[in-house]
Amino acid sequence: MVKTKTKLFTADDASRIESEYSLLTDNLYRCDKPGDREMIDKAFRFANEAHRDMYRNSGEPYIIHPINVARIVNQEIGLGAKSVAAALLHDVVEDTDIPLEEITKQFGPKIANLIDGLTKISGTYNKETNSLQAENFRKMLMTLSDDFRVILIKIADRLHNMRTLDSMPEHKRMKIAGETIYLYAPLAHRLGLFAIKTELEDLSFKFRHPRIYDEIARKVKLDEKKNLALINRFSLPIIEALNQNNIIFDISGRFKSIYSIWKKMQSKNVPFEEVYDLLAVRIVFEPGPEMSERAQCWQIYSLITDIYTPKPDRLRDWISRPKSNGYEALHLTVMGPEGRWVEVQIRSQRMDDIAERGFAAHWKYKGDTSQSESELDKWLKHIREMLANPMSDPLTFLDEFKMSLFSSEIMVFTPKGLLVNLPKGASALDFAYEIHTDIGNKAIGAKVNYKLSPLSTTLQSGDQVEIITSNIARPEKEWLEYAHTAKARNAVKDALRDESTDRIQKGMDMLEQKLSELGILPNSDIIKKLLDNYELLNKDELYSRIGLGLINLDELRKTLKKAPEGSLRKYWKLAIGGVTRKNTGAKEAPAPAEKIDKNQPYLLRENVDSSTNSYVIASCCQPIPGDEVVGYLDHSNSIIVHKPKCPVAVKLMSSEGNRIIPVRWTIHKLASFLARISINGIDRIGLVSEVTTIISKELNVNIRNINVSVYDGIFEGTIDLFVHHTRDLNNLILQLSNIKGIASVKRVEEFIE
Ligand code: MN
């Protein structure tokens, strides 16, 4: 976080600092070893001196931030004194003149190592494909192999920054919120920090979609009272039964987080009311001596199902086999009062601690959770393998790391009965590479549960898999379509790279030889002519095609004689009323005429002359005026306008957050924007013409394309339209939904042209 050293601390500041610090020291958890408190105190005095007279954007003394990170580290994650000290010191090396050696001298190598992992790489990267953000993230993960606590402190740092994000300028908010949802929330989840993951998701969502967040929050509040009453009524008989059986327990109502409600609304395409229907309670019990924890979970299960009828397909048993992030619990769903489903989560005190505090809590219970710890260890081992692969560039690494966060959800078996953990959706090919790279490279098919199956087969938990190999088999490019794990993808890419390097070299030799036969010296003009002629993007592709024999060199002389055709356009432009669009992958685009000030929203002005337009609408999410938007300043300095929820934009926020800029629509009266709606209903004669009549009567809307199909009497279609503003679109959607027989009309938010 940026801070300024503009004024000296006042007496007020000093007392504020002391009182924040005592909030930490008065509630220290597990810091009772001799020397612990002294070390924390020393770290605080040291950091306080180093950050003297520095302020955060919010106007508070800077040291308030490290103090709060230390509180999260200790009280919410449960780490001990060394981590608390490191959290207090975490910004010292990055933001003050104090070198790392000084930390080593004062606090020893262990704490210095933690601080090093938390210090960003300074400077800028020029190489276009590299991302400083990704590089920093990778650096932080590198320290994983030495000390796991770095990442937990980093998550605490991020949590506090998210809690105080209000005071940051908008473009930074977007970058930080985007990175949070892309990486930090899944990471927290992977490490079992459930409470922190939920808070990170909600905060990120709040800053990316303030309007939707507020609306859902308002509705949640409205329903809260009623739901609490329902939960109380539901809980009473359970409380009675548990008491009769002398079980010591705690029961509480659980409410869905705002982000999870929104995600469900999006993925299931249902209104708030349907998502919010599910109530949940949690029972945390103190295990008694006469029964194992597991047996006690099942005892509580049977007491509950004596009272309420369970939904048979909704039993989730994570006590026999914990989730890969260590989560243990028994979940069931029963029919509650007023015909509403209620989810009940049953956990012991220990399980609850692990679920809320995650990895750190495992240490506390070392010995009785060897199973779940080894799951985490496996994941760590996997990350180390990824880090050890020197071939992957930071951006690829970032992607693959993200994939790994969701991994290890299915369990399959080798023919000998050995257990192999794979990410959900893994293919037989992933399995082959998981066993051994050589087996993957030589694979030609698989036997899944004794049945011959292709390598692309998606595996299910419990499958038994045998890989069939052949010595003449070789990895193919198509394999990348169903190689999901980092291990499989890297191995396939490595193999393909070797092969394609050979082919490129061969093609290059062939071309040179042919040119010399013709008495021509190879130069860039000739290469350019060939690229244009064969519509290729780069030299490697040209050589590789020659090497493969796809380009016939006998025609070379004729080809070279042809007149130049002008450079190839790999992007497309569509200028209607003056707005340029292009594919997000394209390189070429007009540069903005004015200078961009990141602290001011860039105004998306209407410009009738399309050649002077300074921004482009991303074709992946097609925002239109009235939509929430965010800008990405690409490498040729033009602004690409995305919706903040567009997956492409979220990824850019995480990898190139410095290029994210705030943008605002201005009034567009002439320019039209492409939008798509989907429509369905019961077909009847004249329906289509009624739809088109309504659209054509709307002055502000023009049809570009209409696509309708009727199947078994059901009418379904998509309509592409040009509109000026979301208002026009909403207005039209309203009118269309009033047509008799139409069941739903919706805007399609993401579509690829
Ligand atoms: Mn920090």
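Since the model is a prediction, treat every value here as computed from it, not as a measurement.

## What about the pairing of strand β7 (residues 341-348)?
Next up, step 1: Across the eight residues of β7, seven count as buried, placing the element largely inside the fold.
Next up, step 2: Alignment of strand β4 (residues 279-286) against β7, held across seven bridges, turns out to be parallel. Counterpart to Ile283 in the pairing with β7 is Ile346.
Next up, step 3: Sheet topology places strand β6 (residues 330-335) next to β7; six bridges connect them, and they run antiparallel. Each residue of the ladder has a partner; that of Met335, found in β7, is Trp341.
Next up, step 4: If you look at the hairpin formed by β6 and β7, you'll find five residues sitting between the two strands, and Glu338 has a positive phi there, around 60 degrees.

## Considering the nonpolar core
Next up, step 1: Core analysis: the biggest nonpolar cluster contains 76 residues, and Leu88, Leu89, Ile103 and Ile196 have the highest contact counts within it.
Next up, step 2: Mapping this core onto the domain boundaries places at least three of its residues in each of domain 1 (3-193) and domain 2 (210-357).
Next up, step 3: Those residues in contact with Ile196, other than ones at most four positions away along the chain, are Ile72, Glu76, Ile77, Ile155, Leu159 and Ala188.
Next up, step 4: Listed in part, the 33 residues of the second largest apolar core include Ile624, Val663, Ile694 and Phe715.

## Re the side chain of Ser427
Next up, step 1: Within the secondary structure layout, Ser427 lies in the loop between β9 (419-422) and α19 (428-435).
Next up, step 2: In this structure Ser427 touches Leu455, Ser456, Thr457, Thr458, Leu459, Tyr482 and His484, once residues within four positions along its chain are discounted.

## Brief notes about the sheet that holds strand β12 (residues 465-469)
Next up, step 1: The sheet built from three strands is open, its strands ordered β11-β10-β12 with antiparallel pairing. Each edge of the sheet is formed by a strand with only one pairing partner; in this case those strands are β11 (451-453) and β12. If you compare each strand with its neighbour and ignore which way they point, the axes differ by 30 degrees on average.
Next up, step 2: Judged from the five bridges that link them, strand β10 (residues 443-448) and β12 form a sheet pairing that is antiparallel. The partner of Gly445 across the bridge, within β12, is Ile468.

## Points about the sheet that holds strand β5 (residues 316-317)
Next up, step 1: Ordered by their spatial adjacency, five strands build an open sheet running β3-β4-β7-β6-β5, and the pairing between neighbours is mixed. A single partner strand is all that each edge strand has here, and the edge strands are β3 (248-254) and β5.
Next up, step 2: As defined by bridge partners, β3 adjoins β4 across seven bridges and the pair is classed as antiparallel. Bridging across to β4, Arg254 finds its partner in Ala280.
Next up, step 3: Running over the sheet, helix α11 (residues 210-244) touches β3, β4, β6 and β7 and is turned about 30 degrees from β4.

## Brief notes about a positive patch on the surface
Next up, step 1: A grouping of Arg30, Lys33, Lys82 and Lys110 is seen on the molecular surface, where their side chains present a positively charged patch.
Next up, step 2: Looking at the secondary structure, you find Lys82 in helix α4 (residues 81-89).
Next up, step 3: Taking relative accessible area as the criterion, Lys82 reaches 33% and is therefore assigned partly exposed.

## Some words on the pattern of salt bridges
Next up, step 1: Throughout the structure, instances matching the rule amount to 24 salt bridges.
Next up, step 2: Its salt-bridge partner being Arg163, residue Glu76 comes within 3.0 Å of it at the nearest N-O pair. Within this pair, whereas Glu76 is found in helix α3 (residues 64-76), its partner Arg163 is found in helix α8 (residues 149-163), the two being separated by 87 residues in sequence.
Next up, step 3: On the basis of relative accessible area, Arg163 is assigned to the partly exposed category, the value being 34%.
Next up, step 4: Among the ionic pairs, Arg676 bridges to Asp720, the shortest N-O distance being 2.7 Å. A residue pair is termed long-range when its members are at least 10 positions apart, and Arg676 in strand β20 (residues 673-682) and Asp720 in strand β22 (residues 714-723) qualify at 44 residues.
Next up, step 5: Arg676 gets classed as buried once you look at its relative accessible area, which sits at 18%.
Next up, step 6: Owing to a relative accessible area of 3%, Asp720 belongs among the buried residues under this scheme.
Next up, step 7: Overlapping salt bridges bring together Arg16, Glu20 and Glu60 as one network.

## What to know about α4
Next up, step 1: α4 sits mainly inside the fold: eight of its nine residues count as buried.
Next up, step 2: Among the residues making up α4, those that are buried are Ala81, Ser83, Val84, Ala85, Ala86, Ala87, Leu88 and Leu89.
Next up, step 3: Buried residues along α4 sit against α1 (11-25), α2 (36-50), α3, α5 (92-95), α6 (100-118) and α8.

## Describing the environment of Leu652
Next up, step 1: Secondary-structure assignment places Leu652 in helix α25 (residues 647-655).
Next up, step 2: Each C-alpha atom, one on Leu652 and one on Glu179, is 8.7 Å from the other, the two residues being 473 residues apart in sequence.
Next up, step 3: The residues touching Leu652, leaving out its near neighbours within four places in the chain, are Tyr632, His642, Gly657 and Ile660.

## Focus on the packing of α3 against α8
Next up, step 1: Packing of α3 against α8 leaves a shortest axis separation of 9 Å and a crossing angle of 120 degrees. With respect to each other, α3 and α8 are oriented oblique. Crossing of α3 over α8 shows right-handed handedness. Between α3 and α8, the contacting residues are Ile64, His65, Asn68, Val69, Ile72, Val73 and Glu76 on the first element and Ile153, Ala156, Asp157, Leu159, His160, Asn161 and Arg163 on the second.
Next up, step 2: In terms of residue class, the contact of α3 with α8 is made up of seven nonpolar, four polar and three charged.

## Quick notes on the state of the cysteines
Next up, step 1: Scanning all chains against the criterion turns up zero disulfides.
Next up, step 2: With no disulfide of its own, Cys621 has Cys646 as its nearest cysteine by sulfur position, at a separation of 3.7 Å.
Next up, step 3: Look at Cys621 and you get buried, because its relative accessible area is 1%.
Next up, step 4: No disulfide involves Cys646; its nearest neighbouring cysteine sulfur is the one of Cys620, lying 3.7 Å away.
Next up, step 5: Its relative accessible area of 1% is what places Cys646 among the buried residues.

## Some details on the coordination of the manganese ion
Next up, step 1: Distances from the manganese ion to its protein donors, His65 (NE2), His90 (NE2), Asp91 (OD) and Asp157 (OD), fall at 2.2 to 2.5 Å.
Next up, step 2: When the donors of the manganese ion are listed by position in the chain, the intervening gaps give H-x24-H-D-x65-D. Separated by 67 residues along the polypeptide, His90 in the loop between α4 and α5 and Asp157 in helix α8 bring together distant segments of the chain.
Next up, step 3: The exposure class assigned to His90 is buried, which follows from its relative accessible area of 1%.
Next up, step 4: Judged by relative accessible area, which is 7%, Asp157 ranks as buried.

The rules we used
- Residues numbered from 1 in each chain as written.
- Predicted model: local features only at pLDDT ≥ 70, side-chain atom pairs only at ≥ 80, totals over all residues.
- Heavy atoms only, no water.
- Buried < 20%, exposed > 50% of the residue type's maximum accessible area, 1.4 Å probe, protein only.
- Helix = DSSP H or I, 4+ residues; strand = E, 2+ residues; numbered from the N terminus.
- Pairing = 2+ DSSP bridges.
- Core = buried A, V, L, I, M, F, W, Y, C linked by side-chain atoms within 4.5 Å.
- Domains from an automatic or database assignment.
- Contact = heavy atoms within 4.5 Å.
- Axes fitted to C-alpha atoms, helices over the stretch in contact; angles between N-to-C directions.
- Patch = residues over 30% accessible without salt bridge, like charges linked within 9 Å, V, L, I, M, F, W, Y side chains within 5 Å.
- Areas by Shrake-Rupley, 256 points an atom, 1.4 Å probe, with all protein chains shown as cover.
- Salt bridge = Lys/Arg side-chain N within 4 Å of Asp/Glu carboxyl O.
- Lys, Arg positive; Asp, Glu negative; His and termini not counted.
- Charge placed at Lys NZ, Arg CZ, Asp CG, Glu CD.
- Parallel < 35°, antiparallel > 145°, perpendicular 65-115°, else oblique.
- Left-handed = near helix turned anticlockwise from the far one by under 90°.
- Nonpolar A, V, L, I, M, F, W, Y, C, P; charged D, E, K, R; others polar.
- Disulfide = S-S within 2.5 Å.
- Donors = N, O, S within 2.8 Å, 3.2 Å for Na, K, Ca; no water.

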